[in-house]
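This is what each chain is made of:
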Amino acid sequence: MLDGNGFAGTSEAWLRLADGVIAEISEKPISSKAARTIDLKGRTLMPGLIDCHVHVTAITVDPGRTAMLPDVTVAFGAARIMKQMLMRGFTTVRDVGGATRPLAQAEEAGQIKGPRLVFCGKALSQTGGHSDYRGFVDNRSAESQTYRLGAMGRICDGIDAVRHSARDEIRQGAQFIKAMANGGVSSPTDPINFQQFSISELEAIVEEAANAQTYVSAHLYTDEAISRAVRCGVRSVEHANLIEPATARLMKERGAIACPTLVAYEALHKDAKALGLPDVSVGKLDDVRLHSRGSLEILQKAGVTMALGTDLLGELHKYQSDEFTIRAEVLPPIEVIRSTTCYAAELLRMTGKVGSLQVGVFADLIVVDGDPLENMSLLGGQGDHLSLIVRAGRVVKNTIDDNGCRE
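Residues numbered from 1 in each chain as written. Predicted model: local features only at pLDDT ≥ 70, side-chain atom pairs only at ≥ 80, totals over all residues. Heavy atoms only, no water.

Digging into the nonpolar core
Inside soluble globular proteins, nonpolar side chains tend to come together where they are buried.
1) Next: Counting residues in hydrophobic clusters, the biggest one holds 86 residues, and the most contacted among them are M251, L299 and L379.
2) Next: No other element matches helix α2 (residues 71-87), which puts seven residues into this core.
3) Next: If we skip the residues at most four places from it in the chain, L379 touches M46, S321, F324, I337, I366, V368, P372 and L386.
4) Next: With 16 residues, the next largest nonpolar core counts I50, F176, C259 and V354 among its residues. (Core = buried A, V, L, I, M, F, W, Y, C linked by side-chain atoms within 4.5 Å. Buried < 20%, exposed > 50% of the residue type's maximum accessible area, 1.4 Å probe, protein only. Helix = DSSP H or I, 4+ residues; strand = E, 2+ residues; numbered from the N terminus. Contact = heavy atoms within 4.5 Å.)

What to know about the pairing of strand β10 (residues 216-222)
1) Next: A large share of β10 lies buried, amounting to seven of its seven residues.
2) Next: Bridge count for strand β9 (residues 177-180) against β10 is four bridges, and the pairing is parallel. Paired with M180 across the strands is H219, a residue of β10.
3) Next: As paired strands, β10 and strand β11 (residues 236-242) are joined by five bridges and run parallel to one another. When the bridges of β11 are listed, H219 appears paired with E238. (Pairing = 2+ DSSP bridges.)

Examining the pairing of β11
1) Next: Within β11, six of the seven residues are buried, leaving the element largely enclosed by the surrounding structure.
2) Next: For the handedness criterion, the β-α-β arrangement of β10, helix α6 (residues 223-231) and β11 is classed as right-handed.
3) Next: In the sheet, β11 pairs with strand β12 (residues 257-259) via three bridges, with the strands oriented parallel. Residue pairing across strands places E238 opposite C259, the latter belonging to β12.
4) Next: As for the winding sense of the linkage, the β-α-β connection from β11 through helix α7 (residues 245-254) to β12 is right-handed. (Right-handed = clockwise from strand over helix to strand, strands pointing away.)

Structure representation (structure tokens):
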């Protein structure tokens, strides 16, 4: 049993699942006439994996193009992406721009198969910001993408507008608020070092989230932008590639959590030519990619909690599980496990519900053919080394025996 929280290397244990949760854990065999027994000897039992930075509606690598696709096209594409995530062992994901409540409800109702979906609705972006994909010569209204399923974000400028947008996303069921507070790689008109939103706008967004008993996640790369956002009250720092030690210590002091996404840059770099990535985006990509591993070292030394994220788009989703091996080049394996279990649950404010092996937690489980602490690549690929995947007590994959396992 391995969850990064309490169990590490525990063997000779028994679990009983019932009603979608872990009902019992014992060091002795559990007797139950109603239960079917699955012997996991020689394998590792883990909580379902958690990815804290995804875009399930990003069905192409071009966010501007995706935003203009018909909603039904995006919905079917998102369903496919979510099922593939589940088969890689991810039983909970946090969508940080794009997914909406109806998509989460479809998964909950069993209409589509996928991970549990925690979502922010549309990310908030200023004009010319990281979710404004209109480019230099496209002068359509900023509202043209706001309510399209394929749009990653919505544009809002000024304190009143950001308050309205935050409230509107919460009205539509958003479980947290996402703000684009720095330049981005894929957006066409904002260099990486651009600060986005004024301090007063960021503070207003944080206040609206706090009023709704939730928090703000922010797209951030540069040290200055991270420091500024954390001082404004941002809790979840996405990416953080260019962070410096003093700002990492500030994050630790303020209780902010980092969500690095290293695989996104490696995947884009690997496939940039085939994807036809514009030269301006390739240049911006290297600005952040070459510093990503160093940022992990800085955050680790400062004691900042780091959750796992991937931030992949379109056909690059296939690289999702490579995040584990990339992080393991820098961090101890147990820290990589914690990033996708207990640390991720903390970021989602779902400690005690997901990310651990304990009574009362959702029965989201994976079984690994080997020990990930010895070989992190066992979590890689497309779930090739996962012989059992359980989502809320429902078996979605079972290669351990020929008879399957009833839900």
